[in-house]
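Single-letter residue listing:
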Amino acid sequence: MFWADKIADEVVRKYQHVIDTGEPIIVRDEKTASGQVHVGSLRSAALHAIVADVLNDRGIKVKFLFEINDFDPMDGIPGYLDEAEYKKYMGHPLYSIPSPVEGYENFAELYGQEYVEVVGRIGFGAEVYRATELYRSGRMNDAIRAVLDKKEIIHKIYKEVSGSERAADWYPLNVVCENCGNLSATRITGWDGEMVDYTCSSDTIEWAEGCGHNGRISPFDGNASLPWKPEWAAKFMANGVHFEGGGKDHYSKGGARQVAEAISREVLEHQPPYGVFNEFFLVGGKKMSSSKGNAATAKEMTELLPPHILRLLLLKTPINRQLDFDPEGDAVPVLFDTYDRLAQKVWSGVEDDDSQVFRFAHLPEERANIPKRFLPRFSQIAFLVQMPHMDIYEEVEKMKEAPLTEEDRAEIDLRSEYAKRWLAQYAEDRFIFALQEAVPETALVLTDDQKNAIKLFADKLESLETMDGQAIHELTHQVKEESELSPKEFFTALYLLFLGKESGPKVGWFMSTLDKDFVLERLRGVV
Ligand SMILES: [Zn+2]
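Residues numbered from 1 in each chain as written. Predicted model: local features only at pLDDT ≥ 70, side-chain atom pairs only at ≥ 80, totals over all residues. Heavy atoms only, no water.

**Student:** Quick one: what's the story with the coordination of the zinc ion, residue by residue and with numbers?
**Tutor:** Protein coordination at the zinc ion: the donors are C177 (SG), C180 (SG), C200 (SG) and C211 (SG), at 2.3 Å from the metal. If you look at the zinc ion, its 4 donor atoms make angles of 104 to 113 degrees with each other, and the shape they trace is tetrahedral. Among the residues examined, C180 registers a relative accessible area of 27% and is labelled partly exposed. (Donors = N, O, S within 2.8 Å, 3.2 Å for Na, K, Ca; no water. Tetrahedral: all angles 85-135°; square planar, octahedral: opposite > 155°, others 65-115°. Buried < 20%, exposed > 50% of the residue type's maximum accessible area, 1.4 Å probe, protein only.)

Laid out in structure tokens, this is it:
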């Protein structure tokens, strides 16, 4: 069963009473806007967006909320920013820090909007709100009051669930200092049911500098924010969330999720939502060189893959299994092949889990009309775009053995565009080919046996009526058998002659894209 269907079933089972009233099921996800969005966040986005999508597809009313958390403090400076310039903002809420790029209201808006754009592009869009809006609206006030009133219960939960000890006078809330604006450097020293007393000091936390101010202020309506575990619980309640999961790291024993659920039940007296974890999304085993693209950001990933293919990547692996993707290797061509396999299956009328994955890989607005079209292999398109003498439409028409439709041409254009990007920014050398204009020097190492085989091949090829891929393929087999060369020795010789490298695309197909006289001249030029 498609993993999102399984989760949706569970949501329906738990909240049938809500569905029956006609009220929406609330699905929520959030992202702290502390820097460029790492690709791993797309896994969490997929979990929530697809579950919301599946519920919606079943005719269930759904409200999918996405929070840009702009109230978290800056607790680290991303490597691509000037540390000296941003150090003074450590501990300040993100909404109060200037944007590194002009045209954005603040730091959080820059990265928050980048993320919203990225998820919008792949159809994971949601109703977006900001953490500051939530606090300032007063909807967090009840939770703030409960947390301040029952801080001892929170201390007990931290100790029992996660084994961490808090000082008896610790209040789980941070005030924004009225004097310097720091959030992390403040510490509450008293609470009388209406106002908190606080102090702003460099002693509060190692990495944030306080100003020494002592103040008294209402903790409500955006003057203060909760540390993230109590805050998670408070947001469950303030938004009336029914489904919200999170990264696997938060789901460990004694981890953030358990603490937040305990706070939700024991302090806020609120039933926490149903949730499951999403596994990690790793991009390549190795660090990418800076001159190449950086698929480690979600934004780059949406430029590397078209929306339906990226969605397929995010959907095809169960959400609780690790996803490993190396854009420099063959992962991109293989992913397109997977799409093609699912398409063939669905278009031939098979209905199973794969058809569900295929359907949801397309954006909601595309699903009613997914055109049946010829799907040329991505690896072959990636080869063709490197051969400037070839007409790609013509070559694909040969593969199809029928005239191209408008949809076929659109698919060729799409694949050509993404193949070029992949080749320019990620693909390893083994995918880069250039048809050699003369016998390359690398081909001078051929043995006599190889040369004899090539001569035999040239003679057979000459008698072929057309440069048909399958016929050429069969010739290569005849030659291999008659010459007693290993397949590797024979194919290596051919690749060296034409491409100057030891490997390449399937020989029969590759030769079929070339002019016969050119091929014969090249083959005979070496013997
Ligand atoms: Zn201060």
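**Student:** Tell me about the packing of helix α19 (residues 487–499) against helix α21 (residues 516–525), and please be specific about residues and values.
**Tutor:** Helix-helix packing is described using two parameters, namely the angle between the two axes and the distance between the axes. Look at α19 against α21: their axes get within 10 Å of each other, and the N-to-C directions meet at 110 degrees. Looking at the two axes, α19 sits roughly perpendicular to α21. By crossing handedness, the relation of α19 to α21 is classed as right-handed. Of the residues in α21, those touching α19 at L494, L497 and F498 are F518, V519, R522 and L523. When its residues are assigned to classes, the contact of α19 with α21 shows 6 nonpolar, no polar and 1 charged. (Axes fitted to C-alpha atoms, helices over the stretch in contact; angles between N-to-C directions. Helix = DSSP H or I, 4+ residues; strand = E, 2+ residues; numbered from the N terminus. Parallel < 35°, antiparallel > 145°, perpendicular 65-115°, else oblique. Left-handed = near helix turned anticlockwise from the far one by under 90°. Contact = heavy atoms within 4.5 Å. Nonpolar A, V, L, I, M, F, W, Y, C, P; charged D, E, K, R; others polar.)

**Student:** So, the confidence of the model for the chain: which residues are in play, and what are the values?
**Tutor:** Looking at the chain, pLDDT values average 94 and 98% of them are 70 or higher. With pLDDT under 50 throughout, residues 286–293 is counted as low confidence; its partners more than four residues away or in other chains account for 15 contacts. (pLDDT = per-residue confidence, 0-100.)

**Student:** Describe the packing of aromatic side chains, and please don't skip the residues or the numbers.
**Tutor:** Geometrically, a pair of aromatic rings is defined through the distance of the ring centres and the angle of the planes. Counted by the stated rule, this structure contains 27 aromatic pairs. Through successive ring pairs, a cluster of aromatic residues spans F383, F433, F498, W509, F510 and F518. Directly above the ring of Y171 sits K151, whose terminal nitrogen or CZ lies 4.5 Å from the centroid. Above the face of the W232 ring, R257 is positioned so that its terminal group lies 5.1 Å from the ring centre. (Phe/Tyr/Trp six-rings, centres within 6.5 Å; stacked < 30°, edge-to-face > 60°. Lys NZ or Arg CZ within 6 Å of the ring centre and 35° of its normal.)

**Student:** Can you break down the sheet that holds strand β7 (residues 214–217) residue by residue, with the values?
**Tutor:** Here we have 3 strands laid out as an open sheet, ordered β5-β6-β7, and antiparallel in their pairing. With one partner strand each, in any of the chains shown, β5 (186–191) and β7 form the two edges of the open sheet. Taking each pair of neighbouring strands and ignoring which way they run, the sheet shows an average axis angle of 30 degrees. Bridge count for strand β6 (residues 196–200) against β7 is 4 bridges, and the pairing is antiparallel. (Pairing = 2+ DSSP bridges.)

**Student:** Can you lay out the sheet that holds strand β3 (residues 127–130) for me, pointing to particular residues and giving the numbers?
**Tutor:** With parallel pairing, 3 strands are arranged side by side in an open sheet as β1-β2-β3. Either end of the sheet is taken by a strand with one partner, and the two such strands are β1 (25–32) and β3. When strand polarity is set aside, the average angle formed by the axes of neighbouring strands in this sheet is 25 degrees. Strand direction decides the pairing type here: strand β2 (residues 62–69) and β3, joined by 4 bridges, are parallel. Opposite I68, over in β3, you have R130 as the bridge partner. Relative to the sheet, helix α2 (residues 41–57) contacts β1 and β2, its axis offset from that of β1 by approximately 165 degrees.

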